[in-house]
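Chain and residue survey
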Amino acid sequence: MEQERNMSVNEEEERNIGIKQKKKRELGGVKTLPFIIANEISERFATVGFHGNMITYLTQELNLPLVKASNILTNFKGFAAFTPLVGALIADSFAGRFLTIIASSILYELGLVSIILSAILPGLRPLHCPAQENCKEASKLQLWVLYTSLLLTSLGLGGLRPCIVTFAADQLGMSKKEMESRNWNFFNWYFFCLELASLAALTFVVYVQEHVGWGWGLGIPALAMALSITVFIIGSSYYKKQKPEGSPLIRLAQVIGAALRKRKEVAPADSGVLYENDELDAAISSNGRLLHTNQFKWFDKAAVVADTDNPSSNPPNLWRLSTVHRVEELKSIVRMLPIWASGILPITAYSHQESFSIQQARTMDRSLSPSFKIPPATMSSFEIISILIGLLLYERLFVPFARRFTKKPNGITSLQRIGMGYAISIFGTLAAALVEIKRRGVAANHDLIGNPAAVIPISVFWLVPQYWIQGTALALITVGRIEFFYDQAPESMRSTSASFFWIAIALGNYTGTLMVSLIHEYTGKGGGKNWIPNRNLNNGRLEYYYLFVSGLQLANLIYYMICTKFYAYKALEEVSEGGMEAGDAELTTNRTPSGSMGDGHDNGETMK
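Conventions we followed
Residues numbered from 1 in each chain as written. Predicted model: local features only at pLDDT ≥ 70, side-chain atom pairs only at ≥ 80, totals over all residues. Heavy atoms only, no water. Helix = DSSP H or I, 4+ residues; strand = E, 2+ residues; numbered from the N terminus. Buried < 20%, exposed > 50% of the residue type's maximum accessible area, 1.4 Å probe, protein only. Contact = heavy atoms within 4.5 Å. Areas by Shrake-Rupley, 256 points an atom, 1.4 Å probe, with all protein chains shown as cover. Axes fitted to C-alpha atoms, helices over the stretch in contact; angles between N-to-C directions. Parallel < 35°, antiparallel > 145°, perpendicular 65-115°, else oblique. Left-handed = near helix turned anticlockwise from the far one by under 90°. Nonpolar A, V, L, I, M, F, W, Y, C, P; charged D, E, K, R; others polar. Pairing = 2+ DSSP bridges. Core = buried A, V, L, I, M, F, W, Y, C linked by side-chain atoms within 4.5 Å. Salt bridge = Lys/Arg side-chain N within 4 Å of Asp/Glu carboxyl O. Phe/Tyr/Trp six-rings, centres within 6.5 Å; stacked < 30°, edge-to-face > 60°. Lys NZ or Arg CZ within 6 Å of the ring centre and 35° of its normal. Polar contact = N/O pair within 3.5 Å; in protein donor to acceptor, adjacent residues only side chain to side chain. Expected span 1.5 Å × (residues − 1). Bend = angle between axes of the 7 residues up to and from the residue. Patch = residues over 30% accessible without salt bridge, like charges linked within 9 Å, V, L, I, M, F, W, Y side chains within 5 Å.

As for the overall build of the protein chain
The number of helices and strands found in the protein chain is 19 helices and seven strands. Here the protein chain, with 608 residues, has 54% of them falling under the buried criterion. For the protein chain, the proportion of contacts with a sequence separation of at least 24, taken over those separated by at least 6, is 82%. About 26,500 Å² of surface is accessible on the protein chain, with carbon and sulfur atoms providing 63% of the total.

Next up, the structure:
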């Protein structure tokens, strides 16, 4: 009887576990995407509506010089790109992505409300100066209101940017088997939706800002963001929420610390004797265990079981002994760093181009009819349209075509996609240089060089090629880099890894600020023309700036091709479910080939 009672209890426990596992599997899925994507679309709509025309607000409403205004925006864009690392660490360490997204959304909303006050209260901005000569700049108090808004929105973006895309990907599942079961690429369609939001902001919101007023022009994004927070919370019961498993930085530090302690140890030739503990790593390897690779073998010393170690303790002292999986987490991050660094110079080259292009557009003929002129910032919509078309053509035409030859689910690797984008972006800045030569030539022919407020008789649509080429490049680079960081990061560090994308943007923006400041300071010395003048763009040589950054991009492309030649994708032993009863699982080994620009290769070991 006692034995039968125990069997009954065990069966009940197994039934309850099965029910819990079934409910867990029912969470997430495509049904959650409308709630999550709505939040990200609203954030992008608000961000582009807020920042997309902010150079106009700073130069026309706050009367700031062009270089100062452009540097303010670039510096805060840089800061906003650094904050995702903090937000990602908070999410991966203890808060989780769901709570981080909610808290960050609220913080972002507060930033939008504060900038609205600057736009509607007369005492928070200087007198209007339409002639753009002898203008009174914004006071320190007025600038601090602006800085407060930019600070709050930057902090809010810190939690949104690395968490939303990874949170959405978590709902679908991004293992090799799950990706191959879908005939569409999540990251392509994710960014397609975001660019639609950007297009709406650059047309509708910018028009309201230019023709109705900045109060409504900034209020509409704030209302959209408030609505998105509500929608995201409504969908909370459907989300698959992964439990954070402690600071990933501490785990990386533990591996480095253990390797330093054992620096005199000799790593064994047979990796099979290195320390492994599936139970210890279970929480951080639910999608599969990282396999040993032969790269960076010095770190393997952290997994050598020395005489002073006590591997039987549960857990062991992780500052002295690490598992192979944790060592490979560190190796994965180290392998990604050279590829990550290649994203800095393209951002440096592009950091001020948006501001300068808007100022170029303001001097050109923007008339579509006698009564309607295109707002300068709306020209960026051509870049968005190019991205949208590029994503569609890539997804529906290029990928199926390439798949016939490469047999890869995505047609080509993410690294090859990034490299194509880097190459195309060079032609974007070259086109910008040629258009600027044309624009200044027309101004000189009509004796308008000395008149900064004059409309030069050249169509603003001359700027379309540079926007179009840059949009095509971004469709390849942006999706490729996010896809690369998500796929190659250890699963417990995906938010942190996604923040790498934004840190590169931060460093690129700060480097761009330094570069523009130095160019502005030194090119005007000795009687020469300043490449980037403050008030009158016609008196500058902006084409020299564009040619200079084209050279930087070419040098970066060469560096990137060298990096990808030696890159090896991570080796993962995936756990998949299929063809078995509930609760059973089978192990499958997935060694993704290298995504180099040349022939792929794998620096890992072969499973036997």
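Structural notes on the packing of helix 5 (residues 97-120) against helix 6 (residues 140-172)
Packing of helix 5 against helix 6 leaves a shortest axis separation of 7 Å and a crossing angle of 150°. Taken together, helix 5 and helix 6 sit at an angle that is classed as roughly antiparallel. Between helix 5 and helix 6 lies a crossing of left-handed hand. Here the contact of helix 5 with helix 6 is composed, by residue class, of 16 nonpolar, 12 polar and two charged.

Quick notes on the pairing of strand 5 (residues 456-459)
Residues Ile456 and Ile458 of strand 5 are buried on one face, while the alternating residues Pro457 and Ser459, pointing to the opposite face, are not. Bridge count for strand 2 (residues 364-365) against strand 5 is two bridges, and the pairing is parallel. Pairing of Met364 across the sheet is with Ile456, part of strand 5.

Notes on the nonpolar core
Ranked by size, the top nonpolar core spans 126 residues in total, and within it Leu58, Phe186, Phe484 and Tyr545 carry the most contacts. The next biggest cluster of nonpolar side chains, apart from the first, holds 15 residues, and it includes Ile374, Ala454, Ile458 and Val460.

Section: the pattern of salt bridges
On inspection of all chains with the given rule, the structure shows 10 salt bridges. Here Arg251 and Glu329 are joined by a salt bridge, their closest N and O atoms 3.4 Å apart. Pair noted here: Arg251 is in helix 10 (residues 248-261) and Glu329 is in helix 12 (residues 324-341), with a separation of 78 residues, a long-range link. Considered together, Arg251 and Glu329 belong to a single accessibility category, that of buried residues. A salt bridge links Asp300 to Lys331, with the shortest nitrogen-to-oxygen separation between them at 2.9 Å. Pair noted here: Asp300 is in the loop between strand 1 (288-290) and helix 12 and Lys331 is in helix 12, with a separation of 31 residues, a long-range link. If you follow the salt bridges from partner to partner, you end up with Glu276, Asp278 and Arg289 in one network.

Digging into the packing of aromatic side chains
A full pass over the atoms with the stated rule returns 26 aromatic pairs. Over the ring of Phe98 we find Lys241, and its NZ or CZ is 4.2 Å from the ring centre. Directly above the ring of Tyr394 sits Arg417, whose terminal nitrogen or CZ lies 3.8 Å from the centroid.

Side note on the packing of helix 14 (residues 353-363) against helix 19 (residues 542-565)
Orientation of helix 14 relative to helix 19, taken along the N-to-C sense of each, is 150°, at an axis distance of 12 Å. Taken as axis vectors, helix 14 and helix 19 run roughly antiparallel relative to one another. Relative to helix 19, the crossing made by helix 14 is left-handed. The segment helix 14 lies against helix 19, with Gln353, Phe356, Ser357 and Gln360 engaging Leu542, Tyr545 and Tyr546. Per-class residue counts for the contact of helix 14 with helix 19 are four nonpolar, three polar and no charged.

Things to note about the environment of Lys407
Tracing the sequence through the fold places Lys407 in the loop between helix 15 (381-406) and helix 16 (414-445). Assessed through its relative accessible area of 66%, Lys407 is described here as exposed. Within the structure, the side chain of Lys407 is placed 3.1 Å from the backbone oxygen of Arg404, a separation counted as a polar contact.

Here we look at helix 6
With 33 residues, helix 6 should cover 48 Å at 1.5 Å per step; its first-to-last C-alpha distance of 48 Å lies within 8% of that length. If you look at helix 6, its biggest bend is around 30°, right at Cys163. Burial of helix 6 is extensive: 26 of the 33 residues sit out of reach of the surface.

Things to note about a nonpolar patch on the surface
There is a patch of nonpolar side chains on the surface, built from Ile389, Leu393, Leu397 and Trp468 and spanning about 370 Å² of accessible area. Locating Trp468 in the fold gives a position in helix 17 (residues 464-488). You can call Trp468 partly exposed: its relative accessible area is 33%.

Looking at unusual backbone geometry
Of note in this structure, Lys407 is not a glycine but carries a positive phi near 65°. Of note in this structure, Asp447 is not a glycine but carries a positive phi near 55°. For Asp447, the position within the fold is in the loop between helix 16 and strand 5. Assessed through its relative accessible area of 70%, Asp447 is described here as exposed.

Things to note about the side chain of Gln171
Tracing the backbone through its elements, the reader meets Gln171 in helix 6. At 2.7 Å, the side chain of Gln171 forms a polar contact with the backbone nitrogen of Lys240. The residues touching Gln171, leaving out its near neighbours within four places in the chain, are Gly28, Gly29, Thr32, Ile36, Tyr238, Tyr239 and Lys240.

So, the environment of Met515
Topologically, Met515 is positioned in helix 18 (residues 494-522). On the accessibility criterion, Met515 (10% relative accessible area) is buried. Taking the C-alpha atoms as reference, Met515 lies 9.8 Å from Val549; in sequence the two are 34 residues apart. Met515 has contacts with Thr348, Tyr545, Phe548, Val549 and Leu552, leaving out every residue within four places of it along the chain.

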